[in-house]
Amino acid sequence: SFSFYEAIDVRPNGDRVVIAGESGVAKYLRNTTTGALSSVNGWFLTGANDITYSVDGDQVYVTTAALNQLQVRDGDTLGNIQTISGVTGANSVAVSSNATYEHIYVTGDGDTLSLFTRALSGSTVSSTAVQVLTQSVDGVRGLDGANDVTVSADGKFVYVTGGDGDSLGVFQ
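Computed from a predicted model, the values in this text were never measured in an experiment.

Undergrad: So what about the overall build of the chain? Which residues, and what values?
TA: Along the chain, the regular secondary structure elements total 0 helices and 15 strands. Here the C-alpha radius of gyration of the chain, 16 Å, is about what a compact globule of 172 residues would show, namely 16 Å. Overall, the C-alpha framework of the chain stretches about 50 × 40 × 30 Å when taken along its three principal axes. Here the chain holds 172 residues, and 47% of them are scored as buried. When the accessible area of the chain is evaluated, it comes to approximately 8,100 Å², of which 47% is carbon and sulfur surface.

This is how it looks when you write it as structure tokens:
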């Protein structure tokens, strides 16, 4: 059992729920008629901060600041597909997509927002960030203590809360 839950997400088709916390990650099957949950499996992961399904539900993305990682897991089995190390203080994760690529946004220590990509036709995420925005570099504002990220429904805007700067950054 987990001692603390920090994040939760529901698979886009509604059949699974995943949770993450200081002890790791767990998956539940969800009855799409009644909403009832049944525990399936989980794994230990030091300090899981956030979790979200890919837009197609094929992958689960998990951040852990303690290990400086973004983990890519299979959406059905939670088996490890890929571990991206060196994402300093990986905290929050959000996704969006266009016709070709899924965009994975990760907030981290150093007041950063990192962008990773995955071709929708594959399962591998770019092993290094394709773009990193940093507070006060090249005029970037709103990332002071970047701690949460979300994407607008149309995928055109990324919103980041900056806890140290009491701010909300908007990026296009």
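Undergrad: Give me the sheet that holds strand S5 (residues 48–53): which residues, what numbers.
TA: One open sheet holds the 4 strands; their spatial order is S5-S6-S7-S8, and the pairing between them is antiparallel. Looking at which strands have only one partner, the edges of the open sheet turn out to be S5 and strand S8 (80–85). The sheet shows a mean angle of 15° between the axes of neighbouring strands, direction not considered. Judged from the 6 bridges that link them, strand S6 (residues 59–64) and strand S7 (residues 69–74) form a sheet pairing that is antiparallel.

Undergrad: Explain the pairing of strand S11 (residues 112–119) residue by residue, including any values.
TA: Counting buried residues in S11 gives 7 out of 8 residues, a clear majority hidden from the surface. Two elements, strand S10 (residues 101–108) and S11, share 8 bridges in a ladder whose sense is antiparallel. Bridge pairing in S11 links Thr107 to Leu113. Hairpin geometry of S10 and S11 is characterised by an intervening segment of 3 residues between the two adjacent antiparallel strands and by a positive phi of about 80° at Gly110.

Undergrad: Residues and numbers for the sheet that holds strand S14 (residues 158–162), please.
TA: Spatially, 3 strands are ordered S13-S14-S15 in an open sheet, and the strand pairing comes out antiparallel. Only two strands of the sheet have a single neighbouring strand rather than two, namely strand S13 (146–151) and strand S15 (167–171). On average, adjacent strands in this sheet sit at an angle of 20° to one another, irrespective of strand direction.

The rules behind the values
- Residues numbered from 1 in each chain as written.
- Predicted model: local features only at pLDDT ≥ 70, side-chain atom pairs only at ≥ 80, totals over all residues.
- Heavy atoms only, no water.
- Helix = DSSP H or I, 4+ residues; strand = E, 2+ residues; numbered from the N terminus.
- Rg over C-alpha atoms; globule rule 2.2 N^0.38 Å.
- Buried < 20%, exposed > 50% of the residue type's maximum accessible area, 1.4 Å probe, protein only.
- Areas by Shrake-Rupley, 256 points an atom, 1.4 Å probe, with all protein chains shown as cover.
- Pairing = 2+ DSSP bridges.
- Axes fitted to C-alpha atoms, helices over the stretch in contact; angles between N-to-C directions.

This is a description of form; function is not addressed.
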